[in-house]
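# Fold and geometry: a report
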Amino acid sequence: MSPVRDVPIGMYGAVMGLTGLGLTARAAATVLPGYVRAPAYVTEPWIALGVLLFIVLVPLYVAKLARYPQAVREEFTNPMQLGFCGALPVGMFLVGGGLAPYWFVLGDAIWWIGFALLLAFQIWALTRWLSGSIDLAQINAGWLIVMVGGIVAPGPGIALGHPDASRFIFGISAAAAPILMALLFYRAIIGAPLPDRFRPTWFILLVPPSLIYANGLALYPGSEFLESLFFFGLALAAALLLVSRSFPRWPYGAPWWAFTFPLDALAYAAARHAQDHPAALWKALAAATLLLAVGFVLAALVKSVAALPWASGRRTLRSGASPRA
C-alpha cells in the first residue's frame, strides 16, 4: 500500500492538537505569570511542531488527491470519515493564528483559506446528510469538526483583525452545535458502542461548550450567561475521563488525536474564565486543565512517533523478525 494513499485527512487533527496547545498556553501565560513566566519557551515549540506537521501533511495530501482521487472521494462521502475532513480548515485557523506574530501576511492568508474551505465543507456536509441513507451506527463525534469547527475561528480571527468574518463562521457553527450534540448523545445512549479505536472521538464533545463560551465572550462581550457552557464542559470532561480510563489499552490510530484538541479547547476556556475570575481556584483549574492537555498531547505524540514505519521497523529488527513479516 502506498504511504501517500494511507495519509488520512483526519491526521490534520494532530495539527489542531499541537498548534491548539501552543495557542492555549499563550492564553494561559497571562493568567499564570508565576508558573509560565516566559510564554516563548512554553508555547512556541508546540506551535512550531504543529506548523511543521502542517507543512509536511499538505503536500502529502495534495499528492494523494492527484494520485488517488477515489480514496479522497471516499473520505468526503463516507459518513464515518466525512466529519474529519473539517480538520484541515480548522487546523489552518490555528496555524494562521500561530504564525501571525512572526509572519502576519502568511498567517492571515492561511486563515482566509481555512475560512473558505470550512464554509465549502459545511455546505457539502449538509448536502450529504440531507440526502439521507445514513445509519445510526455511522453517526460520530467527528461530525462536530466540520460543522462546528467555525467556533475555533474567532480566537485567531479577532487577533488577525477579522471580527465580522469570525462572527459569520462562528454563527453557523454555534447554531449547528446543539443539533449535533443532541444527536450524538442520542447515539451514545441508544446506539452500539464505538469500537475502541474510535472511542477517543467522544472527547470532541468538549469543543462546543468550551469554545462557544470562550470565543462567544470574545465576540459578544457581556455574554456572561455563556459561563454555564464552561461548567457543563468541566462536568463532561470528568465523565469522559472516567469512561476512558482504560485508554492506554486502546489501539492507536489517527483518532487518538481526538483526545488532544478538545482538551486544548477546555484549557483555553479555563484560561479565559480565570482572566475574568482571578480567584486562586480558577487559576488552579486553568493550570490543571493545561497540564491535562499537555499530558494527552504528549501521549498522542509518542504513540504517533512509535507508529512511524522506521520506528516499527527498528522494533521488528530488535525482536529478530523480518520487517516484511
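Calculation rules
Residues numbered from 1 in each chain as written. Predicted model: local features only at pLDDT ≥ 70, side-chain atom pairs only at ≥ 80, totals over all residues. Heavy atoms only, no water. Helix = DSSP H or I, 4+ residues; strand = E, 2+ residues; numbered from the N terminus. Buried < 20%, exposed > 50% of the residue type's maximum accessible area, 1.4 Å probe, protein only. Contact = heavy atoms within 4.5 Å. Areas by Shrake-Rupley, 256 points an atom, 1.4 Å probe, with all protein chains shown as cover. Phe/Tyr/Trp six-rings, centres within 6.5 Å; stacked < 30°, edge-to-face > 60°. Expected span 1.5 Å × (residues − 1). Polar contact = N/O pair within 3.5 Å; in protein donor to acceptor, adjacent residues only side chain to side chain. Core = buried A, V, L, I, M, F, W, Y, C linked by side-chain atoms within 4.5 Å. Salt bridge = Lys/Arg side-chain N within 4 Å of Asp/Glu carboxyl O. pLDDT = per-residue confidence, 0-100. Lys, Arg positive; Asp, Glu negative; His and termini not counted. Axes fitted to C-alpha atoms, helices over the stretch in contact; angles between N-to-C directions. Parallel < 35°, antiparallel > 145°, perpendicular 65-115°, else oblique. Left-handed = near helix turned anticlockwise from the far one by under 90°. Nonpolar A, V, L, I, M, F, W, Y, C, P; charged D, E, K, R; others polar.

Regarding its fold elements, the protein chain presents 14 helices and zero strands. Its helices and strands in sequence order give the protein chain the pattern α-α-α-α-α-α-α-α-α-α-α-α-α-α, from N to C terminus. Judged by the C-alpha coordinates and their principal axes, the protein chain covers about 60 × 50 × 45 Å. A burial count over the protein chain gives 52% of its 325 residues as buried. Within the protein chain, counting contacts between residues at least 6 apart in sequence, those at least 24 apart form 78% of the total. Total accessible area on the protein chain stands at roughly 14500 Å², and carbon and sulfur atoms take up 71% of it.

Another point: the packing of aromatic side chains. Tallying each qualifying case throughout the model produces 20 aromatic pairs. A ring pair is formed by Phe93 and Trp111, whose centres lie 5.5 Å apart and whose planes are at 45 degrees; its orientation type is tilted. Highlighted residues: Phe93 in helix α5 (residues 87-99) and Trp111 in helix α6 (residues 104-130), separated in sequence by 18 residues. This pair shows no difference in class: Phe93 is buried, exactly as Trp111 is. Aromatic side chains Phe247 and Phe296 sit 5.1 Å apart centroid to centroid with 35 degrees between the ring planes, which places their arrangement in the tilted category.

So, about helix α13 (residues 280-307). End to end, α13 covers 41 Å across 28 residues, agreeing with the expected 40 Å (1.5 Å per residue, within 8%). Those residues of α13 lying buried are Ala286, Thr289, Leu290, Ala293, Phe296, Val297, Ala300 and Ser304.

Attention now goes to the side chain of Glu75. Checked against the element boundaries, Glu75 lands in helix α3 (residues 69-77). Since its relative accessible area comes to 4%, Glu75 is described here as buried. A distance of 2.2 Å separates a polar atom in the side chain of Glu75 from a polar atom in the side chain of Tyr61. If we ignore the near neighbours within four places in the chain, the residues touching Glu75 are Val7, Pro8, Ile9, Tyr61, Lys64, Gln81, Leu82 and Cys85.

On to the nonpolar core, then. Within the largest apolar cluster, 102 residues are counted, with the highest numbers of intra-cluster contacts made by Tyr12, Phe54, Leu144, Ile145, Met147 and Ile204. The element contributing the most residues to this core is helix α1 (residues 12-29), with ten residues.

A few words now on the pattern of salt bridges. Counted by the stated rule, this structure contains five salt bridges. For Glu44, the salt bridge identified is with Arg26, shortest N-O distance 2.9 Å. Of this pair, Glu44 sits in helix α2 (residues 39-67) while Arg26 sits in helix α1, and the two are 18 residues apart along the sequence. For Glu44, a relative accessible area of 16% corresponds to the buried category. Arg199 serves as the salt-bridge partner of Asp196, at 3.3 Å between the closest nitrogen and oxygen. Take Asp196: its relative accessible area is 35%, and that puts it in the partly exposed class. On the basis of relative accessible area, Arg199 is assigned to the partly exposed category, the value being 24%.

For helix α11 (residues 227-243), with 17 residues, the first-to-last C-alpha span of 25 Å sits near the 24 Å given by 1.5 Å per residue. When α11 is considered as a whole, its buried residues turn out to be Glu227, Phe230, Gly233, Leu236, Ala237 and Leu240. Tucked into the core, α11 has its buried residues touching α9 (163-190), α10 (207-219), α12 (260-276) and α13.

As for its placement among the helices and strands, Lys64 is situated in helix α2. C-alpha of Lys64 to C-alpha of Glu227: the two residues are 163 residues apart in sequence and 43 Å apart in space. Setting aside chain neighbours within four positions, we find Lys64 in contact with Val4, Arg5, Val7, Pro8, Pro69, Ala71, Val72 and Glu75. A polar contact of 3.3 Å, which involves the side chain of Lys64, links it to the backbone oxygen of Arg5.

Bringing the confidence of the model for the protein chain into the picture now. When pLDDT is averaged along the protein chain, the result is 90; 92% of the residues meet or exceed 70. Confidence scores differ between elements of the protein chain, with helix α14 (residues 309-318) showing the lowest mean pLDDT of 50 and α11 the highest of 98. Overall, residues 315-325 carries pLDDT values under 50, and its contacts beyond four positions in sequence, including any with other chains, amount to five contacts.

By the secondary structure assignment, Asp264 is in helix α12. At 13 Å, Arg26 is the nearest oppositely charged side chain to Asp264, a buried residue that forms no salt bridge.

At a minimum axis separation of 8 Å, α10 and α12 run at an interaxial angle of 40 degrees. Regarding the angle of α10 to α12, the classification is oblique. As for how α10 packs across α12, the hand of that crossing is left-handed. Note on element contacts: α12 touches α10 through Phe261, Pro262, Ala265, Leu266, Tyr268, Ala269, Arg272, His273 and Asp276, opposite Val207, Ser210, Leu211, Tyr213, Ala214, Asn215, Leu217 and Ala218. Looking at the contact of α10 with α12 residue by residue, the class counts come to twelve nonpolar, three polar and two charged.

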